[in-house]
Structure formats: structure tokens, C-alpha cells
Amino acid sequence: MGQTLSEKVWDDHVVRTAEGEPDLLFIDLHLVHEVTSPQAFDGLRQAGRPVRRPELTLATEDHNTPTLNIDLPIADPVSRTQVETLRKNAQEFGIRIHSLGDLDQGIVHIIGPQLGLTQPGLTVVCGDSHTSTHGAFGAIAFGIGTSEVEHVLATQTLPQARPKTMAVNVNGELPVGVTAKDIVLALIAKVGTGGGQGYIVEYRGSTIEALSMEGRMTICNMSIEWGAKAGMIAPDEITFAYLKGRPHAPEGADWAAAVTYWKTLHSDPDAVFDAEVDLDAGQLTPFVTWGTNPGQGVPLGAEVPDPEIFAEESDRTAAQKALEYMALKPGQKMRDISVDTVFLGSCTNGRIEDLRAAAGVIKGHHVADQVRMLVVPGSARVRLQAESEGLDVIFKEAGAEWRAAGCSMCLGMNPDQLAPGERAASTSNRNFEGRQGKGGRTHLVSPLVAAATAVTGTLSSPSDLIGSR
Amino acid sequence: MDAFTSHTGTALPLRRSNVDTDQIIPAVYLKRVTKTGFEDGLFAAWRSDPNFVLNLPQYAGATILIAGPDFGTGSSREHAVWALQNHGFKVVIGSRFGDIFRSNSGKAGLLIAVVEQKIIEELWDFVEEHPAAPITVDLVGRQITAEGFQAEFEIDDYTRWRLLEGLDDIGLTLRHIDHIDAYERNRSAHKPRTLPAKVASID
């Protein structure tokens, strides 16, 4: 019997296997940020252990970093301490770090691919659940806790039980105005937030093959939002073209050897998955969330659902609590929901293609009077690239705020937060209660919907703007 | 890590599903660089409500959390485990957990006991009726017992063994350092390294 993509990559990394124990997996790339690492470095110090492979490790500052006045010291002393602790640890343990102000600083999941460090067939981990993003290259990439961060720093390995395999088959041509974000939001609404638990998922099918690397990263990024261990996409010519010439992509004979290997990284025709899910992309429309978990979503053209339609009592209760928190009523049209803030950015949708798409919608329009729009590029390079294309001017002329790179309002660890009761359309990944600020209300949307919503002030798609420019 | 064999204490019923790690501890509380002091952020958004279960006097001192389905989903923050432990919880009983949260708990010594949702409903009812009743969670026999109540719970054999022995994962792995050395010798040359650093030129 053939093997699935994830089985091939997994088997390539097994250092040791023994009956009744998890496999010991080698880790090719370990990404580190300031929030989930300080206690891990402390553990190493207490045990007198070095970092085993500093040259397979990369650190950056993203969660706490401000997006305004980045040349000044970080105002919040606790945030500043956390960032300074990472800098000291990186220096002490010999780890490369891209600090605030550095050209390669940015969200950890944006800079790995950008530097060409994220490659097919790798194992990639980070103390961050959105590490699944890197699976878009055909890597096994997953988030870990701080104890595991320490384990990888000390041993460059992780004990891991072998997950089950799942195929998500997405076929059909995406309608105009429907993006990778809409695919993954529709998928999560279909399978639920626990639907992927215990699985490494492979996204495949004609729709996935037609997506750019940016779109593929958006989908893999949200694998964790439906509980999957990791999400993967088989590498192909689009992957190779993205990587070619990036700073850490293989060169010369290494490139040829790498591509030869990468071309073996696909599920064999006779491989069997433990589970399969099908999604018809041709039927999709822009998708938005109404509730407080990413599975609580509907098409933009639909209405806020009645909690009574859910079969499970726990789902009904969750829906009731969500509607109460979100201050919404069953039957209300999603398009009638007005927002106070639009956030464009994050490891889900903070790449150059996302900014281009949103700029294309907002160009020649103006952000609605009562709305503030934050545009936060995912990395300092994305910001520079956008500026070289004049996207910053488009956003600023439309009345949006053009900020410096980082996680920003996705989780509000820096000053970019929602006020209590404030409502946002956000291109990020989590609409959890209080995620973007205590009492804040989040609707997850695509960059296209975010831009259109900023213009109208109510949840909208670009088609709603036709004739209004 | 201390060995875990059995724990007896009172319980707290948390009747909510999908309690993600942002609810267990919001991001603004994650800025400490130690593993202690996170109890002030535990369920922070709900703590301001005097009727929130953690504020009810009958459950003060509870060490066993009885959670709803899909507890600990979302963010990988191990701070969620530390916050529960810092507050005094030793055990979380539930029917479904986020993978990373469950793994983090095992590493940090917080016991995650998995039972069917039907058992959770029974436990919720039992604890609400008898908040002062001691409940014993026995890892050796995988049993949850209280007066007039008994249920078996699930935990994978490997995590159970590590908890019973109080073993440190890194120490266990370093016993196999020869395997790691051997693997590294055969690793492909084309795999990336972060050092020496290479960066793109500015266009």
C-alpha cells in the first residue's frame, strides 16, 4: 500500500521508535518568539544544558511588539522585559534573532517562508499554534508548548505519537471574490472546531493546486482552528517557484537534489487516509463568523442562526452564549452588522498578496466615518514590499492606518486592542471572547471582505461596492 | 516533576464547552518570564462576575476541575496549564481536550482524565449537589471515585507511566543521544540552516 504525504515526511524524521512509546522525531527548524520561550531557556540554564543545534533555530519578536513608534523603547515595561529577555537568551545561547527594527523582523510564520527556511519535507515547530502555516510547503509543522520548546532546544527532537491521516478534498473553481480564507472558514463551519483532532490533514484537489503559496499558507494556518495536529499541502511547481532564489533556499547542486526529493513528497495514488472530507469550492461564497469560535460561521449573505437549529445541546448552549456575548439576534442579516474597527493583518492574512487584494478593493474609496482600519503587514519586508508598490499610499488615502509589522490586534498583547463592546471585522484567525481585547467582538473575514467592510461600515463584500466608487 | 499517583480533593463544575486557552488565560497575562504567578489571569474575563463558579464560596479550595467538551483548544500557551496549577488545580476531567493543551498538561504534571460526556454530566450534577464531597482520582487504577460514584477514565499509557514515575522528558530523550547523533550524521546536506544568516538585498 502506498503512503500519504504526511507518512512519508514523518518516516523521514523518526530518530527512534519503540513499542509502547511515542516516536522520537528529529526537528529540522525551530522557530522561537518572546512569549513562549523564556521559561524554556530558564530550564536549560537550571539544568546546565546548551542549545543542541543553534543553526536550526531562529528567533524573532512579534507578539508584544508595538506597531507605532517602533524606534522608541517599548512603553509597557512587562512587554519590554519579555522582549529583552528573548534578546538576552538569543545572545547567551548563540541563536539568530531578528529584533524589532530589523529588516527581517516580523510574525514568526511570515518570516520563515520569506527567508526560504520553510521548505518541503521538513519538520517545523514553534511555541505557537499557528505553526501549522508552514505545512503549505509540504512540511509537518505544528505548535508546541513551552516544555516542548525546552525539549527541542536541548535535544533537537520531540517524542510524538503518530497521528492519524485525513484528506480534505477541495475541488472546483473558486467564484470571483472567494478566497482561501473563505474555503477554510467554510470548512471549519462544516466539520466543527474539534473535527480534525488527532489528525494530520492534507488539503488537496484542484482548488488547492490552483492557489498561490500565500493562499495555501492561509488555509494551513487555520488547521489548528478545527483541532488538527497539522495541515499540509503537497509541494509542486508553485512551491518551487516561490522558494527559488530566497536567501536560505538551496543553491546549485543542492537545489537540484532538493527538488528531486521534494517531487517525491505527495500521497501515493493507492495511499489510504483514515478519514476524508470533501468540499465543493464552486459553491462557496464569502464566509464570515457570527460567534465566538471559528466554527460559528455562515455565508456573508446569510443570517445569524437560531441556536435552536443545532442538534447537540452543548452546541445550542455555546451558540446562545456566543450570541449574548456578540450582542446579536437570530435572524439578523450578517450584512446589517456594523463594525467599529477593521483589522487587516496577522499570520493568517498579513502577507503581500493579502495587502494587494485589500488595496485593490479599497482604492478610490474611503473608510467609513465611524470606522478605524488598521493595516498591519506581517513582516517588515512585507511592509517594504507594499510601500514599493504604493499600497501604503492607497490605504492612507482611504483613511486607514498604516502600521509596522507584528501580531498586533490578532491577540492584543501590544497596545492594538479592541475596547469593551467594540466590534471588529478581522482577517485574523480567532474570534474567541476577548481575544482582541477584553469585551471586544470579532468577526473573522477575508482581506476582500475586510476592505469592503471598512468602506461601507457594515459586513460587506467587494461586489457591494460596485458603482459606488 | 513530582510523581503523580492519586489525588483526593473537592471539585469545581465548569459548565461550558469550547473553553479555549484564551479563556483560560487571556494574552495580556502571558507577559511574565517565570512559571509562577499566572493564577491572577485564570479565567480573567469571567472572574469579574461574582456568580462565576470560581467565585462561589462552596467551591473554594477545589483542586479538580470538571470541564466541558473541547477544553483547552486554540493557542499553544502552556501558561494555561500553569495558571490552573498556580491556582491549585491538580486534575482536569473532561470529555474532549485540545491536543496541545493535553500534551502541555502531561509535561507539566497536570493530570488530564478523559471520560465520556455522560459521565461529565453526572459529575456536574453530583458536585453541584455535594460541593464539599471529596473526589479521588487514582492514576494507578484509572478510577474516579466519590461516595456513591465510580467511573474509569482514559489516559494514554505513555503519559500515565511518565506521570506515575515523575519523569523528565528531556532526561528520557537524552538516554537516546546515540540515536540522535546517528540520525544527524545521515541528514541531507540540502536541508536549511539558520546560521550563517543570509538575508535578501533591498531592492
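Given the structure is predicted, the values throughout are model-derived calculations rather than measurements.

Criteria and thresholds
- Residues numbered from 1 in each chain as written.
- Chains lettered and ligands numbered in written order.
- Predicted model: local features only at pLDDT ≥ 70, side-chain atom pairs only at ≥ 80, totals over all residues.
- Helix = DSSP H or I, 4+ residues; strand = E, 2+ residues; numbered from the N terminus.
- Rg over C-alpha atoms; globule rule 2.2 N^0.38 Å.
- Buried ≥ 20, exposed ≤ 12 C-beta atoms within 10 Å, placed from the backbone.
- Contact = placed C-beta atoms within 7 Å.
- Nonpolar A, V, L, I, M, F, W, Y, C, P; charged D, E, K, R; others polar.
- Pairing = 2+ DSSP bridges.
- Axes fitted to C-alpha atoms, helices over the stretch in contact; angles between N-to-C directions.
- Parallel < 35°, antiparallel > 145°, perpendicular 65-115°, else oblique.
- Left-handed = near helix turned anticlockwise from the far one by under 90°.
- pLDDT = per-residue confidence, 0-100.
- Right-handed = clockwise from strand over helix to strand, strands pointing away.

**Student:** Pulling in residues and values, what's your account of the overall build of chain A?
**Tutor:** The secondary structure content of chain A amounts to 16 helices and 19 strands. Rg of the C-alpha trace for chain A: 21 Å, near the compact-globule value of 23 Å for 469 residues, within the 12% margin. Projecting the C-alpha coordinates of chain A onto the three principal axes gives extents of approximately 60 × 55 × 45 Å. Here chain A holds 469 residues, and the buried ones make up 61% of them. Look at the contacts in chain A between residues 6 or more apart in sequence, and 76% of them connect residues 24 or more apart.

**Student:** Lay out the overall build of chain B with the relevant residues and their values.
**Tutor:** A count of helices and strands for chain B gives 8 helices and 8 strands. In terms of its C-alpha atoms, chain B occupies a principal-axis envelope of roughly 65 × 45 × 30 Å. Counting only residues that meet the buried cut, chain B has 42% of its 203 residues in that class. Excluding contacts between residues fewer than 6 apart, the proportion of contacts in chain B whose partners are at least 24 apart in sequence is 74%.

**Student:** Lay out helix H4 (residues 99–108) of chain B with the relevant residues and their values.
**Tutor:** For H4 of chain B, a buried count of 9 out of 10 residues is recorded, marking the element as mostly surrounded by other parts of the structure. Of the residues one or two after H4 of chain B, glycine 109 of chain B is the one with positive phi, at around 90 degrees.

**Student:** Let's hear about the interface of chain A and chain B: which residues, and what values?
**Tutor:** Contact with chain A, which involves 72 residues of that partner, is made by 54 residues of chain B. No other element matches the 7 residues that helix H5 (residues 146–155) of chain A contributes to the side of chain A that touches chain B. Taken together, the residues of the side of chain A that touches chain B break down into 26 nonpolar, 31 polar and 15 charged.

**Student:** Requested: an account of the sheet that holds strand E15 (residues 341–344) of chain A, with residues and values cited.
**Tutor:** Residues and elements named next belong to chain A. Spatial ordering of the open sheet is given by E17-E16-E15-E18-E19, a layout of 5 strands whose pairing is parallel. Looking at strand neighbours, the two that pair on one side only are strand E17 (401–402) and strand E19 (441–444), the edges of this open sheet. Pairing of strand E18 (residues 423–426) with E19 involves 4 bridges; the strand directions are parallel. Following the sheet pairing, alanine 425 is matched in E19 by histidine 443. Contacts from helix H16 (residues 447–456) reach E15, strand E16 (372–375) and E18, with the element oriented near 150 degrees to E15.

**Student:** Quick rundown of the packing of helix H2 (residues 38–47) of chain A against H5 of chain A? Include the residues and the values.
**Tutor:** Residues and elements named next belong to chain A. Across the interface, H2 lies against H5 with an axial gap of 8 Å and an inter-helix angle of 50 degrees. Comparing the axis directions of H2 and H5 gives the class oblique. In the packing of H2 onto H5, the handedness of the crossing is right-handed. Contacts between H2 and H5 involve Gln39, Ala40, Gly43 and Leu44 from the former and Thr146, Val149, Glu150, Leu153 and Ala154 from the latter.

**Student:** Before we move on, could you go through the sheet that holds strand E9 (residues 164–171) of chain A and cite the residues and values that matter?
**Tutor:** Residues and elements named next belong to chain A. The strand order E11-E10-E9-E12 describes an open sheet built from 4 strands, whose pairing is parallel. Every interior strand has two partners, whereas the edge strands, strand E11 (230–232) and strand E12 (275–280), have only one. Strand-to-strand, the axes of this sheet are offset by a mean angle of 20 degrees, without reference to chain direction. Bridge count between E9 and E12: 6 bridges; the pairing is parallel.

**Student:** Give a detailed account of the environment of alanine 200 of chain B, specifying residues and quantitative values.
**Tutor:** All names here are of chain B. Mapped onto the elements of the fold, alanine 200 is located in the segment after helix H8 (177–185). On the basis of neighbour counts, which here come to 14 C-beta atoms within 10 Å, the residue alanine 200 falls in the partly exposed class. Sequence separation between alanine 200 and glutamate 147 is 53 residues, and the spatial gap between their C-alpha atoms is 67 Å.

**Student:** With reference to specific residues and values, describe the environment of valine 33 of chain B.
**Tutor:** Mapped onto the secondary structure, valine 33 of chain B falls in the loop between helix H1 (21–24) and helix H2 (44–47). As a C-alpha pair, valine 33 of chain B and arginine 102 of chain B span 69 residues in sequence and 22 Å in three-dimensional space. Not counting residues up to four positions away in its chain, the partners in contact with valine 33 of chain B are Pro38, Gln39, Thr81, Gln82 and Thr85 of chain A.

**Student:** Any chance you could break down the confidence of the model for chain B for me, citing the residues and the numbers?
**Tutor:** Averaged over all residues, the pLDDT of chain B equals 96, while 99% of them reach at least 70. Interface scoring of the predicted complex returns ipTM 0.95; its pTM is 0.97.

**Student:** Report on the pairing of strand E6 (residues 123–126) of chain A, specifying residues and quantitative values.
**Tutor:** Residues and elements named next belong to chain A. Of the two faces of E6, the one holding Thr123 and Val125 and the one holding Val124 and Cys126 are both buried throughout. Pairing analysis gives 3 bridges linking strand E3 (residues 29–32) to E6, with the strands arranged parallel. By the bridge assignment for E6, leucine 31 is matched with cysteine 126.

**Student:** Before we move on, could you go through the pairing of strand E4 (residues 91–94) of chain B and cite the residues and values that matter?
**Tutor:** All names here are of chain B. Judged by which residues are buried, E4 turns out to be covered on both faces: Val91 and Ile93 on one side and Val92 and Gly94 on the other are all buried. Pairing of strand E3 (residues 64–66) with E4, which is carried by 3 bridges, proceeds in the parallel orientation. In the strand pairing of E4, isoleucine 64 is matched with valine 91. Following the chain from E3 across helix H3 (residues 79–87) to the adjacent parallel E4, one finds a crossover that is right-handed. One crossover worth recording links E4 to the parallel strand E5 (residues 111–114) by way of H4, and it is right-handed.

**Student:** Break down the packing of helix H13 (residues 352–362) of chain A against H16 of chain A for me, with residues and values.
**Tutor:** All names here are of chain A. Where H13 contacts H16, the two axes come as close as 8 Å, and the packing angle between them is 35 degrees. Here the hand of the crossing between H13 and H16 comes out right-handed. Facing H13, whose interface residues are Asp354, Ala357, Ala358, Val361 and Ile362, H16 presents Pro447, Leu448, Ala450, Ala451, Ala452, Ala454 and Val455. Here the residues of the contact of H13 with H16 are counted per class, giving 11 nonpolar, no polar and 1 charged.

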